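Structural overview
Chain by chain, the residues:
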Amino acid sequence: MTDPIPNRLLAADSFRRAAAPELSSVRLLVVGDVMLDRYWFGDVSRISPEAPVPVVRIERREERLGGAANVARNAAALGAHTGLLGVTGKDEAGDEVEKLLRESSIHSYMKRDDAISTIIKLRVIGRQQQMVRIDFEDAPTETVLVEKLDQFRALLPEYDVVILSDYNKGALANVAEMVKEARAAGKVVLVDPKGDDFSPYRGATLLTPNRSELQRVVGVWKTEEQLTEKAQRLRAELELDALLLTRSEEGMSLYTDKEVLHVHADAREVFDVSGAGDTVIATLAAMLGAGAPLDEALATANRAGGIVVGKLGTATVTREELFPG
């Protein structure tokens with residue numbers, strides 16, 4: 001009979017005073033579903049006479065990188081040398097994505113598909129809360145996906161760490177080949193998964209599902225012991241080095257073949273959780289790329305997630321915020 005894998009609780013402020021790693025030396029490639037996040041801010045003062053809905057009078061507009069582009073934005077904000085490979089349309093929104101990438105010092109390897117429109121998430125904000133979200137999206141064409149896979153192969157020698165950011169919009173249709181080739185090239189591969197089948201991610205270094213994403217694959221659990229059993233079985237089946245479960249207000253749990261490591265959420269006022277997972281995986285990847293041990297990388301990513309939920313919309317955390325002083 002094998003010995004049980006030990007459980008360990010990592011203090012939320014662990015490594016807070018550790019020396020800041022040299023993240024500028026990290027070469028990090030983000031691949032996945034690229035989106036443009038549009039925010040329309042306004043004032044709500046009346047109900048529409050046409051239907052029982054609020055009327056939002058738009059006063060300000062903002063545009064930000066979304067999806068895999070937000071992951072890249074977070075990595076670049078930490079100082080990592082960051083590249084982004086994805087697909088947009090040949091349209092105004094695609095031009096805006098390219099502009100925002102330049103402003104964020106992200107190296108763009110975007111493929112422009114003239115058969116589709118760029119994915120847009122439009123959020124209308126009134127009285128500091130989201131009133132409605134409108135999504136525009138098309139899946140990339142097969143021709144562009146083949147070109148994207150070829151470029152991925154060409155870029156691999158230039159990067160040390162690969163993040164595959166899957167929002168299930170079609171840009172990672174060839175994700176199984178990407179994982180296999182990146183690992184064969186000796187790269188650290190982190191995946192933010194989607195869907196009810198994680199088998200295409202087999203062989204990745206680390207997978208970062210949230211609770212609902214994990215439940216879709218392994219089913220529900222009633223106790224911590226059941227969760228550990230299900231998570232460890234999935235990790236072993238997929239041949240992962242580690243599986244990181246993000247648990248919102250409950251923090252995170254990291255499952256490896258040596259231990260189960262829990263870290264409580266870094267307690268802060270929660271303003272907006274959108275994009276927090278992007279911040280976590282980008283911080284993890286940057287820390288691992290800098291040679292940090294897994295527990296230190298986890299504690300830092302947890303701290304980054306705690307900072308970003310206190311900001312509105314898809315936001316970033318800076319190196320100075322993570323490592324003050």
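Residues numbered from 1 in each chain as written. Predicted model: local features only at pLDDT ≥ 70, side-chain atom pairs only at ≥ 80, totals over all residues. Heavy atoms only, no water.

A closer look at the pattern of salt bridges
- One pass over the full model with this rule turns up 21 salt bridges.
- As a salt-bridge pair, R153 and E181 come within 2.8 Å of each other at their nearest N and O atoms. Placement of the pair is R153 in helix α3 (residues 142-155) and E181 in helix α4 (residues 175-184), with a sequence separation of 28 residues.
- With a relative accessible area of 36%, R153 lands in the partly exposed category. (Salt bridge = Lys/Arg side-chain N within 4 Å of Asp/Glu carboxyl O. Helix = DSSP H or I, 4+ residues; strand = E, 2+ residues; numbered from the N terminus. Buried < 20%, exposed > 50% of the residue type's maximum accessible area, 1.4 Å probe, protein only.)

Structural notes on α4
- Those residues of α4 that sit buried are V175, M178, V179 and A182. Along α4, the residues classed as buried sweep out an arc of 100° about the axis, all on the same side. In α4, the exposed positions angled more than 90 degrees off the buried face are occupied by K180 and A184.
- Just downstream of α4 lies G186, where phi reads positive at about 80°. (Arc of directions from axis to C-beta.)

Quick notes on the sheet that holds strand β1 (residues 7-10)
- Pairing within the open sheet is mixed, and its 10 strands lie in the order β1-β16-β15-β14-β13-β12-β11-β2-β5-β7. In this open sheet, the two edge strands, each paired with only one partner strand, are β1 and β7 (107-108).
- Sheet strands in contact with α4 are β2 (27-32), β11 (161-165) and β12 (188-192), and its direction is about 170° off that of β11. (Pairing = 2+ DSSP bridges. Contact = heavy atoms within 4.5 Å. Axes fitted to C-alpha atoms, helices over the stretch in contact; angles between N-to-C directions.)

Concerning the sheet that holds strand β4 (residues 54-67)
- If you walk across this open sheet you meet the four strands as β4-β3-β9-β10, and the pairing is mixed. Of all strands in the sheet, those bounded by a partner on one side alone are β4 and β10 (129-136). With direction set aside, neighbouring strand axes in the sheet form an average angle of 20°.
- Pairing between strand β9 (residues 119-126) and β10: seven bridges, direction antiparallel. Looking at β10, one finds that K121 is bridged to D135.

Focus on unusual backbone geometry
- Within the chain, S105 stands out as a residue other than glycine whose phi angle is a positive 60°.
- Considering the arrangement of structural elements, one finds S105 in the loop between α2 (92-103) and β7.
- If you check the backbone angles, N168 has positive phi at about 60° while not being a glycine.
- Position of N168 among the secondary structure elements: in the loop between β11 and α4.

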